[in-house]
Amino acid sequence: DSGVTQTPKHLITATGQRVTLRCSPRSGDLSVYWYQQSLDQGLQFLIQYYNGEERAKGNILERFSAQQFPDLHSELNLSSLELGDSALYFCASSGQAYNEQFFGPGTRLTVL
Amino acid sequence: AQSVTQLGSHVSVSEGALVLLRCNYSSSVPPYLFWYVQYPNQGLQLLLKYTTGATLVKGINGFEAEFKKSETSFHLTKPSAHMSDAAEYFCAVKDNYGQNFVFGPGTRLSVLP
């Protein structure tokens, strides 16, 4: 158990809909990272937050947005969903020591 | 920009045989290097990491990796494969100034009986 929690575990929705994925980092970790993992694209970095502020941006679509709240949990919002958004979405957190990342179990999103 | 390459998207070994998974990186500054393992339907789990000091790093489950600066490599090895080692393995690099991790494309390890 990495200490990072993600909800929900599975999500099935339809094209055009909007969903919110939730992540709670390890206790004391200030950084939260979001990744998308699909069969054809591999593991893609989406976005990083540090103590409530956006720190780095990767291959995140404009239809996607994220935020980190004062209690350090983070949410990833995916809107106008397309079939191609079906993937595993991982959250990871890191602390100060060498910044290794600890991954949550992921949310499997299926868009029908 | 940093990049990570992993030679071989799929590697098969026999149970008891040597495991060698290759990782090469590009970084203009001394990097931090990591190997993660992902079992089916699970998140990534840290196997081992190199930050500073000894270049041969030992991790969990009998794995080790050696940082070779001259070759910009960080290959993962295990002397004797076990069936439970079947998983996807990701190499990652982070420079000690930036914020981003860069992950390699992953290598799927199959262990044959």
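Our structure is the block above this text.
Residues numbered from 1 in each chain as written. Chains lettered and ligands numbered in written order. Predicted model: local features only at pLDDT ≥ 70, side-chain atom pairs only at ≥ 80, totals over all residues. Heavy atoms only, no water.

Caption draft 1: Structural view of the packing of aromatic side chains. Residues and elements named next belong to chain B. Under the criterion given, the structure shown has 13 aromatic pairs over all chains. Ring geometry for Tyr-25 versus Phe-67: centroids 6.2 Å apart, planes at 35 degrees, classification tilted. Of this pair, Tyr-25 sits in strand 4 (residues 24-26) while Phe-67 sits in strand 8 (residues 64-68), and the two are 42 residues apart along the sequence. With a relative accessible area of 7%, Tyr-25 lands in the buried category. (Phe/Tyr/Trp six-rings, centres within 6.5 Å; stacked < 30°, edge-to-face > 60°. Helix = DSSP H or I, 4+ residues; strand = E, 2+ residues; numbered from the N terminus. Buried < 20%, exposed > 50% of the residue type's maximum accessible area, 1.4 Å probe, protein only.)

Caption draft 2: Spatial organisation of the state of the cysteines. This model, assessed by the stated rule, comprises 2 disulfides over all chains. With a sulfur-sulfur separation of 1.7 Å, Cys-23 of chain A is cross-linked through a disulfide to Cys-91 of chain A. Disulfide Cys-23 of chain A-Cys-91 of chain A: torsion about the S-S bond near -45 degrees, hence left-handed. Here the residue Cys-23 of chain A occupies a position in strand 3 (residues 19-24), and Cys-91 of chain A occupies one in strand 9 (residues 87-94), the gap between them amounting to 68 residues. Residue Cys-91 of chain A is classed as buried on the basis of its relative accessible area, which comes to 0%. Across the disulfide from Cys-23 of chain B sits Cys-91 of chain B; the S-S distance is 1.9 Å. Between Cys-23 of chain B and Cys-91 of chain B the disulfide shows an S-S torsion of about -60 degrees. By sign, it is left-handed. With Cys-23 of chain B in the loop between strand 3 (19-21) and strand 4 and Cys-91 of chain B in strand 10 (residues 87-95), the pair connects residues that are 68 residues apart, well separated along the chain. (Disulfide = S-S within 2.5 Å.)

Caption draft 3: Expanded view of the interface of chain A and chain B. Listed as interface residues are 17 residues of chain A and, on the opposing side, 18 residues of chain B. Carbon and sulfur atoms supply 54% of the area buried between chain A and chain B, which totals about 1,600 Å² over both sides. Inspection of the chain A/chain B interface yields 1 salt bridge. In this structure, Glu-100 of chain A and Lys-49 of chain B form a salt bridge, with 2.2 Å as the shortest nitrogen-oxygen distance. Our count for the chain A to chain B interface comes out at 4 residue pairs in polar contact (both at pLDDT 80 or more). (Contact = heavy atoms within 4.5 Å. Buried area = accessible area lost by both parts, 1.4 Å probe. Salt bridge = Lys/Arg side-chain N within 4 Å of Asp/Glu carboxyl O. Polar contact = N/O pair within 3.5 Å; in protein donor to acceptor, adjacent residues only side chain to side chain.)

Caption draft 4: Region of the structure containing the pattern of salt bridges. Residues and elements named next belong to chain A. Throughout the structure, instances matching the rule amount to 7 salt bridges over all chains. In this structure, Glu-82 and Arg-63 form a salt bridge, with 3.7 Å as the shortest nitrogen-oxygen distance. With Glu-82 in the loop between strand 8 (74-78) and strand 9 and Arg-63 in the loop between strand 6 (53-57) and strand 7 (64-68), this pair connects stretches of sequence that are 19 residues apart. Judged by relative accessible area, Glu-82 falls into the partly exposed class, the value being 43%.

Caption draft 5: The environment of Leu-112 of chain A, seen in detail. Mapping Leu-112 of chain A onto the fold places it in the segment after strand 11 (107-111). In this structure, the C-alpha to C-alpha distance between Leu-112 of chain A and Thr-15 of chain A, residues 97 residues apart in sequence, is 6.1 Å.

Caption draft 6: Main features of the sheet that holds strand 8 of chain A. All names here are of chain A. The 4 strands are arranged 1-3-8-7 in an open sheet whose pairing can be described as antiparallel. On the outer flanks of this sheet lie strand 1 (5-7) and strand 7, each paired with one strand and no other. Pairs of neighbouring strands in the sheet enclose a mean axial angle of 15 degrees, with direction left out of account. Strand direction decides the pairing type here: strand 7 and strand 8, joined by 5 bridges, are antiparallel. Paired with Ala-66 across the two strands is Leu-76, which belongs to strand 8. (Pairing = 2+ DSSP bridges. Axes fitted to C-alpha atoms, helices over the stretch in contact; angles between N-to-C directions.)

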